[in-house]
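Structural features, examined
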Amino acid sequence: MLAADASPAVASFAHPRASWLCPETGRLLAQGELMQAMARKRVVLLGETHDVAEIHRWQLHVTTCLHLLRPQMAVGFEMFPLRIQPVLDAWVAGELDTATFIERSEWAEVWGFDPALYLPLFHFCRQQRVKMLALNCHRPLVTRVGQVGWEAIPVDERDGVTPAAPATEGYRAYLAAITGRFSGSARPEAMAPERFDRFVRAQQCWDRSFACRIADHLAAAEDDPLVVGIIGRGHLEYGHGTPFQLRDLGIEDVAVLLPETAATHDPSAVAGIADVLFRLDTPEPPQSRRTARAAS
């Protein structure tokens with residue numbers, strides 16, 4: 001976390017729009033100083049809610065600032081499985097038009113949200129020749145890990161992903177709170193111990209895949225790059241998920257930045273949620289929605 005001056009306990013943190021806030025202290029941070037600090041990291045993870053356009057604009061703005069300060073950069077995307085890496089390379093190299101890129105990246109089958117939400121980021125990488133990284137794994141791997149666990153899956157069928165470090169009790173509690181939001185007949189099924197354990201294993205498969213792809217790129221790169229990760233916030237909050245798996249892989253110099261829309265924050269609720277929070281404009285209605293992926 002960023003170093004910040006201690007502050008006395010307060011009932012809530014005020015968070016003006018278009019400002020950066022330290023969730024540990026409620027202190028507002030100067031953007032220039034913050035971006036310089038972030039540019040010195042090895043990994044900066046930008047959380048998202050997938051169908052909110054304002055968040056993707058914010059991700060583009062932050063990525064642009066970081067690129068100006070640290071041109072040796074790669075941007076990793078949850079949206080693409082590893083097998084799509086050659087398509088990403090061809091896109092950045094200028095070998096594909098937009099329609100062909102969307103088709104060959106299997107966007108409709110793999111992700112399904114409106115590509116217009118993400119295209120500004122993709123075009124930024126293409127125009128600036130910033131390497132794009134496919135962070136995800138083959139979807140059936142997630143299902144298999146959820147069903148039978150890592151031990152039952154042969155190494156050569158793990159899509160280059162190593163077994164996840166065991167989930168902490170804090171992460172299990174965080175994920176239990178998510179499944180606890182189900183209502184009606186879906187709630188008892190989601191909260192059943194066996195079903196919940198499958199959900200945790202599947203979630204960790206994604207977490208570990210993102211961490212492995214980032215770690216692999218850092219290990220292979222010769223120019224000491226910064227990796228910016230475009231990842232759903234549920235994989236990042238409170239130091240769980242991908243940040244935890246990165247630490248297990250020996251990568252400690254990681255920052256998590258999250259967008260928020262609230263004008264005030266409960267200090268106890270946001271403590272530890274991220275390194276810094278940015279207050280967005282109030283989002284417009286989502287351009288598209290897709291049913292959230294459920295672990296099988």
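As a reminder, the structure under discussion sits directly above these lines.
Residues numbered from 1 in each chain as written. Predicted model: local features only at pLDDT ≥ 70, side-chain atom pairs only at ≥ 80, totals over all residues. Heavy atoms only, no water.

Structural notes on the overall build of the protein
Scanning the protein from N- to C-terminus turns up 12 helices and 10 strands. Within the protein, the fraction of its 296 residues that count as buried is 51%. As presented, the protein carries roughly 13500 Å² of accessible surface, and 53% of it is formed by carbon and sulfur atoms. (Helix = DSSP H or I, 4+ residues; strand = E, 2+ residues; numbered from the N terminus. Buried < 20%, exposed > 50% of the residue type's maximum accessible area, 1.4 Å probe, protein only. Areas by Shrake-Rupley, 256 points an atom, 1.4 Å probe, with all protein chains shown as cover.)

Some details on unusual backbone geometry
Positive phi outside glycine occurs at Arg129, with the angle close to 55°. Looking at the secondary structure, you find Arg129 in the loop between helix H6 (119-128) and strand E6 (131-136). Using a relative accessible area of 62% as the deciding quantity, one classes Arg129 as exposed. With a phi angle near 60°, Tyr238 is a residue other than glycine that sits in the positive phi range. Within the secondary structure, Tyr238 is located in the loop between strand E7 (226-232) and helix H11 (241-248). Using a relative accessible area of 33% as the deciding quantity, one classes Tyr238 as partly exposed.

Some details on the environment of Arg208
With respect to the helices and strands, the residue Arg208 is situated in helix H10 (residues 193-220). On the basis of relative accessible area, Arg208 is assigned to the buried category, the value being 5%. Sequence spacing of Arg208 and Leu246 is 38 residues, and the spatial spacing of their C-alpha atoms is 7.9 Å. Beyond its immediate sequence surroundings of up to four residues, Arg208 is in contact with Val161, Thr162, Pro163, Ala164, Ala165, Gln245, Asp248 and Leu249. (Contact = heavy atoms within 4.5 Å.)

Focus: the layout of surface pockets
Looking at the second largest pocket, its volume works out to about 230 Å³. Taken together, 15 residues form the lining of the second largest pocket, with Glu54, Trp58, His61, Phe278 and Leu280 sitting closest to its centre. Contributing elements (two or more residues each) for the lining of the second largest pocket: helix H1 (31-39), helix H2 (53-69) and strand E10 (276-279). (1 Å grid on protein atoms, 1.4 Å probe; cavity = no way out; pocket = protein on both sides within 12 Å on 5 of 7 lines; lining within 4 Å. Points joined across faces, edges and corners; volume = space filled by probe spheres on them.)

Details of the pattern of salt bridges
Under the counting rule described, the total for this entry stands at 12 salt bridges. Linking Arg57 and Glu54 is a salt bridge whose minimum nitrogen-to-oxygen distance equals 3.5 Å. Here Arg57 and its partner Glu54 are both found in helix H2, 3 residues apart, which amounts to about one turn of the helix. A relative accessible area of 39% places Arg57 in the partly exposed class. A salt bridge links Arg172 to Asp197, with the nearest nitrogen and oxygen atoms 2.7 Å apart. On the criterion of sequence distance, the pair formed by Arg172 in helix H8 (residues 169-179) and Asp197 in helix H10 is long-range, its members being 25 residues apart. Overlapping salt bridges bring together Arg233, Glu237 and Glu260 as one network. (Salt bridge = Lys/Arg side-chain N within 4 Å of Asp/Glu carboxyl O.)

Details of the nonpolar core
In summary, soluble globular proteins display a tendency toward joint burial of nonpolar side chains. Ranked by size, the top nonpolar core spans 52 residues in total, and within it Trp20, Leu66, Phe77, Phe80, Phe101, Phe122 and Met132 carry the most contacts. At 6 residues, the largest contribution of residues to this core is made by H2. Ignoring any residue separated from it by four or fewer positions in sequence, one finds Phe80 in contact with Leu88, Phe101, Ser105, Trp107, Phe122, Met132, Ala134, Leu135 and Asn136. Within the second largest apolar cluster, 36 residues are counted, among which are Ala164, Ala211, Ile214 and Leu218. (Core = buried A, V, L, I, M, F, W, Y, C linked by side-chain atoms within 4.5 Å.)

Considering the pairing of strand E4 (residues 43-48)
Counting buried residues in E4 gives 6 out of 6 residues, a clear majority hidden from the surface. Burial along E4 is two-sided: Val43, Leu45 and Gly47 and Val44, Leu46 and Glu48, pointing in opposite directions, are all buried. Sheet analysis places E4 next to E7, joined by 6 bridges and oriented parallel. Paired with Val43 across the strands is Val227, a residue of E7. (Pairing = 2+ DSSP bridges.)

Quick notes on the packing of aromatic side chains
Taken as a whole, this structure holds 16 aromatic pairs when the rule is applied. Note on Phe80 and Phe101: the rings are 6.0 Å apart at their centroids and 50° apart in plane angle, and the pair reads as tilted. Note that Phe80 is positioned in strand E5 (residues 73-81) and Phe101 in helix H4 (residues 98-104), a separation of 21 residues in sequence. For Phe80, a relative accessible area of 0% translates into the label buried. The interplanar angle of 20° and the centroid separation of 6.2 Å between the aromatic rings of Tyr171 and Tyr174 together place this pair among those described as stacked. Note that Tyr171 and Tyr174 are positioned in helix H8 at a spacing of 3 residues, about one turn of the helix. Note on Tyr171: relative accessible area 3%, which makes it buried. The class for Tyr174 is buried, based on a relative accessible area of 13%. Taken together, the aromatic side chains of Phe77, Phe80, Trp91, Phe101, Trp107, Tyr118 and Phe122 make up a single cluster linked through ring pairs. When the ring centre of Trp91 is taken as origin, the NZ or CZ atom of Arg126, which lies over that ring, is 4.3 Å away. (Phe/Tyr/Trp six-rings, centres within 6.5 Å; stacked < 30°, edge-to-face > 60°. Lys NZ or Arg CZ within 6 Å of the ring centre and 35° of its normal.)

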